[in-house]
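One letter stands for each residue in the lines below.
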Amino acid sequence: MKIAVCIKQVPTREWQPRLTEDKKWIREQDISYEMNEPDAYALEEALRLREKHSGEVVVCSAGPARVQQVIREALARGADRALHVEDAALGGADAFAAAAALADPMAEERFDLVLTGLQSDDQGHAQFGPILATRLGIPHSTIIMEVIADAGSVRVKRELEGGWFQYLSMPLPALLTIQSGINQLRYATLKGIMAAKKKEIKKVAPASAVASRQRIVALYPPEKAKQTVMIPGSAAEAAKELVRRLREEARVL
Amino acid sequence: MILVVAEQREGKLNRASWEAVAAGQQLLREADIAVLKIVVLGRAVSALANELAAASSAGVIAVENQSLGTYTPDAFVQALRQIVTTESPQFVVFPHTYQTRDFVPALAAAMDRAVVTDAIAIRNVNGAPAFARPMFQGKLTADVVPEGPTPHLVTFQIGAFRADAVARGASPAPITAAEATIDASAVRQKPEEPFQEVRQAVDLSQAERIVAVGRGIKSQDNLPLAEALAKALGAELAASRPICDNGWLPMERQIGSSGQTVAPKLYVALGISGAIQHLVGMKGARTIVAINKDAEAPIFEVADYGIQGDLFEIAPAIAAELQKG
Ligand SMILES: Cc1cc2nc3c(=O)[nH]c(=O)nc-3n(C[C@H](O)[C@H](O)[C@H](O)COP(=O)(O)OP(=O)(O)OC[C@H]3O[C@@H](n4cnc5c(N)ncnc54)[C@H](O)[C@@H]3O)c2cc1C
Ligand SMILES: Nc1ncnc2c1ncn2[C@@H]1O[C@H](COP(=O)(O)O)[C@@H](O)[C@H]1O
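Residues numbered from 1 in each chain as written. Chains lettered and ligands numbered in written order. Predicted model: local features only at pLDDT ≥ 70, side-chain atom pairs only at ≥ 80, totals over all residues. Heavy atoms only, no water.

(A) Quick look at the overall build of chain B. Each helix and strand in chain B was counted, giving eight helices and 19 strands. Principal-axis analysis of the C-alpha atoms gives chain B an extent of 70 × 50 × 35 Å. Looking at chain B as a whole, 60% of its 325 residues are labelled buried. Summed over its atoms, the accessible surface of chain B is roughly 12,600 Å², and 49% of this surface lies on carbon and sulfur atoms. Between the centroid of the 28 positive side chains of chain B and the centroid of its 34 negative side chains there is a distance of 2 Å. (Helix = DSSP H or I, 4+ residues; strand = E, 2+ residues; numbered from the N terminus. Buried < 20%, exposed > 50% of the residue type's maximum accessible area, 1.4 Å probe, protein only. Areas by Shrake-Rupley, 256 points an atom, 1.4 Å probe, with all protein chains shown as cover. Lys, Arg positive; Asp, Glu negative; His and termini not counted. Charge placed at Lys NZ, Arg CZ, Asp CG, Glu CD.)

Structure representation (structure tokens):
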């Protein structure tokens, strides 16, 4: 089984946003990056499917040169090789542009199964998977919590709202967007990290100019819904004041 | 023209459909567009079309087809593509649900049009509408303008618009039936019946007080610290999704869009950032306390009381204070 895993590099969770002068994007020089969390689960699922059905796992990522960091990490975790569509303009590209950049080189590979994360932790479009599937002309399903592959078809468990689920089947090739928590993650071993150095990363340029379908006209911290009483002081002082307010003001204790 | 796509399941309208109608009506004013229509799709939707006709609109379009009885992305893309092409709207508006997450980007790609997801507000930028949407896990909000030829597709976050803000018409809007030809052999997904995992042993929706832990707790070994605080408060223990994903607490204790929705008297969030999927499950709590080392964490936007600091110091201090009685 030939499996693709689409991986996006995103700012770390600890990152504190700082804006560019024009307040339309983030100051990239301040950022440290990591693998988008659901993509790590997609990768793990691909590795497990390979263990069961044999075949290969190919990491696919669209982004500037810096995304090699997460590509290497995925190779260290056990992916066989990588496809990197490289362009500086892909750094802030939306899901539409990223899918457009990856569609042609991925189509050439004729994957049996394409796995993506359900949503990126940076832009959070939740669009890339279904857009790529449409471009590849293959069926898709989203927010997947279990993958059972068979010769020629796949049966998946899809998460619905509020604790409901549903199984569905579709023919291969297919694309699935993977939800966090589908499996338990394994991390890279030293052996994996050494082996990754020898693995192939194929770099290609996008076939056409990177063009996003949405333009950001302003970027700002969110508006507060409530007046929050921030309680200052040492841990003991703050605790005392909080308990007093919960008893006397909010009356919830 | 604006086309609002209502969502239904088994003959019942999703409440978020009304929120989408309210968003569509506001967009009508902001974008200075004359006509709004609502479309509803399914096997038998005439009762739903009657319900939707109460909203002020130029008409409700009922699309009935056997292949739309059980939702599949392929059938919905086929049907809506035809309706959207015929109606030729400038905007197509949807609620941001698990269902629209599944097919709206595919519809946009099939039509080669822009789609903005998870919008929370409509802004006016030099006379043209822009859509506010969260980015970077809610740390920032972006105003975005969809580009390229219309129609532009927009999905609105649940709870961002109020269902009771829908303007009603003086008389019911006219209902028309529209045909969609669906090639059933081209519908590749074969869905089975939805189900719930084994009945939940803990019903957190009945809890008066809840202490919820997030990834700030760092490891499973630190959970007793949260348990001690919960005990001191007479509260149930709950968690954000990553805690349950890691298997540190059972799934049935997860709060949020894919877990339980709760409205206790007191909700204490320990080391939870406040992503929207978590907030939808707890923002109905009467009093919310957030403890987080990051003063900018979005959880503080919904909190009544906040303490910025290290939960490993603050949680034990609160437990100790309560024990003093
Ligand atoms: C379709 C979908 C459905 C989802 N459903 C759910 C759901 O039902 N429920 C849910 O919760 N999430 C859900 N999520 C995930 C959600 O988007 C967030 O990723 C998740 O809620 C983040 O959990 P967290 O706040 O615990 O972790 P993080 O976002 O990593 O936040 C950890 C917080 O802890 C703080 N912190 C760290 N150390 C300390 C310390 N020592 N003291 C104090 N504070 C500290 C940090 O400042 C940070 O704010 C869903 C996502 C999607 C896409
Ligand atoms: N530039 C990219 N390169 C590779 N995969 C991507 C890229 N952008 C998005 N993805 C994939 O698409 C998923 C959803 O992204 P999004 O539509 O931005 O929420 C992510 O979890 C990734 O798996």
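(B) Looking closely at the site of ligand 1. For ligand 1, the set of nearby residues contains 33 residues, the closest of which are Ser240, Ser258, Ser273, Gln277 and Asn292 of chain B. Positioned at a junction of chains, ligand 1 has nearby residues supplied by chains A and B. Measuring from an oxygen atom of ligand 1, one finds a side-chain N or O atom of Gln254 of chain B at 3.1 Å. Against a free-state accessible area of 980 Å², the protein chains account for coverage of 91% of ligand 1. At the level of secondary structure, the elements contributing two or more residues to the shell around ligand 1 comprise helix H4 (98–111), helix H6 (241–245), helix H7 (276–279) and helix H8 (311–323) of chain B. (Near = heavy atom within 4 Å. Polar contact = N/O pair within 3.5 Å; in protein donor to acceptor, adjacent residues only side chain to side chain.)

(C) Up close: the site of ligand 2. Residue and element names in this part refer to chain A. Around ligand 2, 20 residues are found, and the nearest of them are Cys6, Asp39, Ala62, Ser120 and Ala126. One nitrogen or oxygen atom from the main chain of Ala62 is found 2.8 Å from a nitrogen atom belonging to ligand 2. Contact between ligand 2 and Gly117: an oxygen atom at 2.8 Å from a main-chain N or O atom of the residue. Contact with the protein chains covers 98% of the free accessible surface of ligand 2, which is 480 Å². Among the detected pockets, ligand 2 sits in the largest cavity. Those elements that place two or more of their residues in the shell around ligand 2 are strand S4 (56–63), helix H3 (95–109) and strand S6 (113–117). Grouping the amino acids of the shell around ligand 2 by side-chain chemistry returns nine nonpolar, nine polar and two charged. (1 Å grid on protein atoms, 1.4 Å probe; cavity = no way out; pocket = protein on both sides within 12 Å on 5 of 7 lines; lining within 4 Å. Sits in = over half its atoms within 2 Å of the grid points. Nonpolar A, V, L, I, M, F, W, Y, C, P; charged D, E, K, R; others polar.)

(D) Geometry of helix H4 (residues 128–136) of chain A. Listing the buried residues of H4 of chain A in full gives Phe128, Gly129, Pro130, Ile131, Leu132 and Ala133 of chain A. Tucked inside the fold, the buried residues of H4 of chain A contact strand S1 (2–6), H3, S6, strand S7 (140–150) and strand S10 (174–178) of chain A together with H4 of chain B. Count one or two residues on from H4 of chain A and you reach Gly137 of chain A, which has phi positive near 70°. (Contact = heavy atoms within 4.5 Å.)

(E) Quick look at empty space enclosed by the protein. In this structure the tally under the stated criterion is five cavities of 30 Å³ or more. Within this model, the largest cavity holds a volume of roughly 470 Å³. Lining the largest cavity are 41 residues, with Lys8, Ala98, Ser120, Asp122 and Phe128 of chain A positioned closest to its centre. For the lining of the largest cavity, the elements supplying multiple residues, two or more each, are strand S2 (9–11), S4, H3, S6 and H4 of chain A. In the lining of the largest cavity, the residues fall into 21 nonpolar, 14 polar and six charged. Approximately 70 Å³ is the volume attributed to the second largest cavity. For the second largest cavity, the full set of lining residues is Val5, Ala6, Glu7, Gln8, Leu41, Phe76, Leu80, Phe94, Gln99, Thr100 and Phe103 of chain B. Of the residues that constitute the lining of the second largest cavity, the class distribution is seven nonpolar, three polar and one charged. (Points joined across faces, edges and corners; volume = space filled by probe spheres on them.)

(F) Broad picture of the confidence of the model for chain B. The pLDDT averaged across chain B works out to 96; a share of 99% of its residues lies at or above 70. Taken over the whole predicted complex, pTM reads 0.96, whereas the ipTM for its chain interfaces reads 0.96. (pLDDT = per-residue confidence, 0-100.)

(G) Region of interest: the domain arrangement of chain A. Assigned domains within chain A: domain 1 (2–204) and domain 2 (229–253). Its C-alpha centre places domain 1 of chain A at a distance of 44 Å from the equivalent point of domain 2 of chain A. (Domains from an automatic or database assignment.)

(H) A look at the environment of Gly152 of chain A. Residues and elements named next belong to chain A. For Gly152, the location among the structural elements is in the loop between S7 and strand S8 (153–159). Given the relative accessible area of 45%, Gly152 is considered partly exposed. When the C-alpha atoms of Gly152 and Ile7 are compared, they prove to be 25 Å apart, with 145 residues separating the residues in sequence. Every residue in contact with Gly152, bar those within four places of it in the chain, is listed here: Pro171 and Leu172.

(I) Quick look at the interface of chain A and chain B. Contact with chain A, which involves 87 residues of that partner, is made by 84 residues of chain B. Across the chain A to chain B interface the summed buried area is about 7,600 Å²; carbon plus sulfur atoms make up 53%. Linking chain A to chain B there are eight salt bridges. For Glu192 of chain B, the salt bridge is made with Arg155 of chain A, and the minimal N-O distance between the two is 2.9 Å. Contributing elements (two or more residues each) for the side of chain A that touches chain B: helix H1 (37–53), H4, S7, S8, strand S9 (164–171), strand S12 (214–220), strand S13 (229–230) and helix H6 (235–248) of chain A. (Buried area = accessible area lost by both parts, 1.4 Å probe. Salt bridge = Lys/Arg side-chain N within 4 Å of Asp/Glu carboxyl O.)

(J) Region of the structure containing the packing of aromatic side chains. Residues and elements named next belong to chain B. For the structure on display, the rule yields 11 aromatic pairs over all chains. Residues Phe156 and Phe161 carry aromatic rings whose centres are separated by 5.3 Å and whose planes lie at 85° to one another, so their mutual orientation is edge-to-face. No difference in accessibility class separates Phe156 from Phe161, as the two residues are buried. By way of ring pairs, the aromatic residues Tyr71, Phe76, Phe94 and Phe103 are connected into one cluster. (Phe/Tyr/Trp six-rings, centres within 6.5 Å; stacked < 30°, edge-to-face > 60°.)

(K) Region of the structure containing the nonpolar core. Membership of the largest hydrophobic core comes to 48 residues, with the highest contact counts inside it found for Ile2, Ile38, Phe131 and Phe156 of chain B. Apart from the residues within four sequence positions on either side, Phe131 of chain B is in contact with Leu27, Phe91, Val116, Ala119, Ala121, Ile122, Ala142, Asp143, Val144, Pro146, Val154 and Phe156 of chain B. Core analysis: the next-biggest nonpolar cluster, separate from the first, contains 40 residues, Met1, Leu43, Leu113 and Val156 of chain A among them. (Core = buried A, V, L, I, M, F, W, Y, C linked by side-chain atoms within 4.5 Å.)

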